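Coordinates in review
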Amino acid sequence: MENSQKNWIKHSQKRSFDMFTVDPTVDTYIISFPKCGRTWLKLMIGQAIVGHLGISNTNLLDTLLDSKFPLAKLHPSLPKIQFTHDDDPHWKKPNELMKTKTHYQNTKVIFLVRDPRDLVVSTYFEQKKRVQFWLNSLTETPHLQDYQERLNPYEGDLSSYLNEEVGSIDTIINFYNIWAKNKDVPREFLLTRYEDIHQNPHGELRRIIEFLGIANIKYEVLDEAVNYASFDNMRQMETAEMANSYSLKATDKNDPESYKTRKGTVGGFVEYLSSEEIQAINCKINQSLADLYGYKNSKQLT
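Residues numbered from 1 in each chain as written. Predicted model: local features only at pLDDT ≥ 70, side-chain atom pairs only at ≥ 80, totals over all residues. Heavy atoms only, no water.

Looking at an unreviewed UniProt entry, one finds the protein named Sulfotransferase domain-containing protein and attributed to Planktothricoides raciborskii FACHB-1370. You can read under Sequence similarities (unreviewed entry) in the UniProt record for the protein the words "Belongs to the sulfotransferase 1 family." (UniProt positions renumbered as here; feature names shortened; annotations may be inferred.)

What follows is the structure, given as structure tokens:
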């Protein structure tokens, strides 16, 4: 193993996956299932805040990627914001997920979601090609001690993954449904969709920034943030290995499916799933997924 990869894995071992203890000093939690665009959103928000407050930060990328509370480090007046996957649902069966979110009742929550069909494809590649970066941390995580036998890279193909009990489409749908039932638990709740950010990045970023308590941000600042976190720029940063964090590192630079910036598209699942697989997932979405998210009976589902 190359020294650079050893360093990435060593870095990943420092990351905490224990998300059950809610820090009372945190003002807002930004929560998502893995592969919903959390890193993308984190870079946009960070750059927007830097631009808005006129902060000089020559190491912004590593600050945002490496810190548990990255945004609070940028300025003492900023609210404390934590990004989390909440319950690590990608390692659990649907019936093993936490059903209540009362531990978030005194905080604000931004819930970031993505079309379950794109999400399950992206999660598959993450579990198969990138999960080795943080395996050592996972095995030491207290709330995953009962799931040790699962904490390995996925060995099957995508078709097999679609039918897995752990972390696949059924888990995604149930995780979304649990949050739909608990959306009134946090002090404030904001839903944002990956697809809406794609379609209107400036508008969605402004909505999120204002929810965080930052008003009167200029369009020029939002535009700079959108450009900074664009897929092409993030891919360039990943290819050039500009970050010290595994969060923006490919496991194999010759394998485009192993990049963090793998596709960054909406509707890309059609390139990977058969018509029969798409139809089966569509049926699950239409029959089981909460109406809150707007993924049921849409034109994309026909």
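Don't stop here, the text continues.
Looking at the sheet that holds strand 2 (residues 81-84)
With parallel pairing, four strands are arranged side by side in an open sheet as 2-1-3-4. The open sheet terminates on both sides in strands that have one partner only, identified here as strand 2 and strand 4 (188-193). Taking the axes of each pair of neighbouring strands and ignoring which way they run, one obtains an average angle of 20° across the sheet. Taken together, the four bridges between strand 1 (residues 28-32) and strand 2 define a ladder with parallel strand orientation. Residue Tyr29 lies in a different strand from strand 2, and its bridge partner there is Gln82. With respect to the sheet, helix 2 (residues 38-53) is in contact with strand 1, strand 2 and strand 3 (108-113), its orientation differing from that of strand 2 by roughly 160°. Packing of helix 9 (residues 201-211) onto the sheet brings it into contact with strand 1, strand 3 and strand 4, and relative to strand 4 it is tilted by some 165°. (Pairing = 2+ DSSP bridges. Helix = DSSP H or I, 4+ residues; strand = E, 2+ residues; numbered from the N terminus. Axes fitted to C-alpha atoms, helices over the stretch in contact; angles between N-to-C directions. Contact = heavy atoms within 4.5 Å.)

What to know about the pairing of strand 3
Across the six residues of strand 3, six count as buried, placing the element largely inside the fold. Of the two faces of strand 3, the one lined by Lys108, Ile110 and Leu112 and the one lined by Val109, Phe111 and Val113 are each fully buried. In this sheet, strand 3 lies alongside strand 1 in parallel orientation, the contact comprising five bridges. Of the residues in strand 3, the one forming a bridge with Thr28 is Lys108. The pairing of strand 3 with strand 4 spans six bridges and is classified as parallel. Within the sheet, the bridge partner assigned to Val109 lies in strand 4 and is Phe189. (Buried < 20%, exposed > 50% of the residue type's maximum accessible area, 1.4 Å probe, protein only.)

Describing the pattern of salt bridges
A complete count under the given rule lists 14 salt bridges for this structure. Its salt-bridge partner being Lys80, residue Asp23 comes within 3.5 Å of it at the nearest N-O pair. Taken as a pair, Asp23 in the loop between helix 1 (3-12) and strand 1 and Lys80 in the loop between helix 3 (60-66) and strand 2 lie far apart in primary sequence, 57 residues in all. Classification of Asp23 by relative accessible area gives partly exposed; the value is 21%. Residue Lys80 is classed as partly exposed on the basis of its relative accessible area of 25%. In this structure, Asp170 and Lys284 form a salt bridge, with 3.0 Å as the shortest nitrogen-oxygen distance. Remark: Lys284 occurs in helix 12 (residues 275-288) and Asp170 occurs in helix 7 (residues 169-181); sequence separation between them is 114 residues. (Salt bridge = Lys/Arg side-chain N within 4 Å of Asp/Glu carboxyl O.)

Here's the deal with helix 12
Here helix 12 spans 20 Å end to end across 14 residues, near enough to the 20 Å set by a 1.5 Å rise per residue. Every buried residue belonging to helix 12 is among Glu277, Ile278, Ile281, Asn282 and Ile285, and all of these are buried. When helix 12 is viewed along its axis, its buried side chains cluster within an angular range of 135° and face the same direction. Seen from the buried face of helix 12, the exposed residues on the opposite side, beyond 90 degrees, are Glu276, Gln279 and Gln287. Buried positions along helix 12 lie against helix 4 (116-129), helix 6 (158-162) and helix 7. (Expected span 1.5 Å × (residues − 1). Arc of directions from axis to C-beta.)

Here's the deal with the pairing of strand 1
Of all the five residues making up strand 1, five are buried; the element is thus mostly covered by neighbouring parts of the structure. In strand 1, alternate side chains face the same way, and those of Thr28, Ile30 and Ser32 on one face and Tyr29 and Ile31 on the other are all buried.

Examining the packing of aromatic side chains
Applying the stated criterion to the full structure yields 16 aromatic pairs. Within the aromatic cluster, the residues linked to one another by ring pairs are Tyr29, Phe33, Tyr104, Phe111, Phe175, Tyr176, Trp179, Phe189 and Tyr293. Over the ring of Phe211 we find Lys108; its NZ or CZ atom is 4.9 Å from the centre of that ring. The side chain of Arg114 reaches across the aromatic face of Tyr194, ending 4.1 Å from its centre. (Phe/Tyr/Trp six-rings, centres within 6.5 Å; stacked < 30°, edge-to-face > 60°. Lys NZ or Arg CZ within 6 Å of the ring centre and 35° of its normal.)

Points about the nonpolar core
Formed by 78 residues in total, the largest nonpolar core has its most connected members in Leu43, Ile45, Leu74, Phe111, Tyr176, Leu205 and Tyr293. Those residues in contact with Ile45 that sit more than four places away from it in its chain are Ile30, Leu71, Phe83, Leu205, Ile208, Ile209 and Leu212. By size, the runner-up hydrophobic cluster in this structure holds five residues, among which are Trp91, Val131, Tyr147 and Leu151. (Core = buried A, V, L, I, M, F, W, Y, C linked by side-chain atoms within 4.5 Å.)

Quick look at the confidence of the model for the protein
On average, the protein scores 84 in pLDDT, and the residues at 70 or more come to 80%. Counting interchain partners and residues more than four positions distant, the pLDDT-below-50 stretch residues 1-19 has 44 contacts. (pLDDT = per-residue confidence, 0-100.)

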